[in-house]
Amino acid sequence: MSTTAPRAHRVRGKGAGLVLLAWLLGIAFFLPIAWMALTSLHSETDAATNPPSFAASLTLDGYREFFGAGGGASPWPALINSTVASLASTLMVLLLAFPAAYALSINRVRKWTDVLFFFLSTKMLPAVAGLLPIYLFAKNAGMLDNIWLLVILYTSMNLPIAVWMMQSFLAEIPVAVIEAAKVDGARLPTILGRVVAPISLPGIAATALICFIFSWNELLFARVLTGVVAETAPVFLTGFITSQGLFLAKVCAASLVISLPVLAAGFAAQDKLVQGLSLGAVK
């Protein structure tokens, strides 16, 4: 009786400390976004002051200029290009990675560990090392400034990590469930679509979200391989840094708007993301 009470107090104290630590980490991650949002609501003069003035008047001029109210370029083509490239490449990655992960986790091929290591090793190549060959290929094929070139590139770039992630998710599916479906006469497409996919939905959602974020944020290839027609949102954002200076309020407004799709997707799929990334962590 006497030893149980102090132990319970220690457990509660440890739990409260972990909760406090989680809140502090959450606030630390949220502060840059809050700072960017506050700066975007200031005028350029107030945004450039050092130290910043928290009592400065708020305005939407940064957002108006971002959306072309001041006679500048409209961001909508770039936002649409980023949406098309990210969604199309993510869909293609899922269609290719799902059966590949099934073959490497449930119906395993020979030397499947070597295949997984090969997939992972492709991510070790610096992106800049393949930039020149890809540029020359796109130039000779007449695909420069083409949004579908980015779709193909983003699909090939995200496919290895998607196969690696989904393989670990599918490996947790009980084999007995798949064997029961085979006994009932289900063919492979039916097993993948009606048995494996619903069970592994959290893992699929986590993989899709990560691939979408990688595609949306990609800048290097989009900056080199696109011009005006296929310009993406990150490339459009770099246009605010000119020889005339850095327009801080406008850049913060543009950064916040361009970050909203990723933030919205992460918030909408947060339960699936946490469940998918933690799948298999606890046996």
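Note that the structure is predicted; figures quoted are calculated from it, not measured.

## Points about the overall build of the chain
Piece 1. Helix and strand counts for the chain come out as 14 helices and two strands.
Piece 2. Sorting the 283 residues of the chain into buried and exposed places 33% on the buried side.
Piece 3. Restricting to contacts in the chain with at least 6 residues of sequence separation, those with at least 24 account for 77%.
Piece 4. In the structure as shown, the chain presents an accessible area of about 16,800 Å², 70% of it carried by carbon and sulfur atoms.

## Notes on unusual backbone geometry
Piece 1. Of note in the backbone geometry, D145 takes a positive phi value of approximately 60° without being a glycine.
Piece 2. Relative to the helices and strands, D145 is located in the loop between α6 (131-140) and α7 (147-170).
Piece 3. Accessibility expressed as a relative area gives 23% for D145, which makes it partly exposed.

## Looking at the environment of T39
Piece 1. Mapped onto the elements of the fold, T39 is located in helix α1 (residues 4-40).
Piece 2. The exposure class assigned to T39 is buried, which follows from its relative accessible area of 10%.
Piece 3. Remark: the alpha-carbon pair of T39 and P52, spanning 13 residues in sequence, is separated by 8.7 Å.
Piece 4. Contacts of T39, omitting those with residues within four sequence positions, involve A47, L248, A249 and C252.

What counts and what doesn't
- Residues numbered from 1 in each chain as written.
- Predicted model: local features only at pLDDT ≥ 70, side-chain atom pairs only at ≥ 80, totals over all residues.
- Heavy atoms only, no water.
- Helix = DSSP H or I, 4+ residues; strand = E, 2+ residues; numbered from the N terminus.
- Buried < 20%, exposed > 50% of the residue type's maximum accessible area, 1.4 Å probe, protein only.
- Contact = heavy atoms within 4.5 Å.
- Areas by Shrake-Rupley, 256 points an atom, 1.4 Å probe, with all protein chains shown as cover.

Geometric descriptors of this kind do not, in isolation, establish any biological role.
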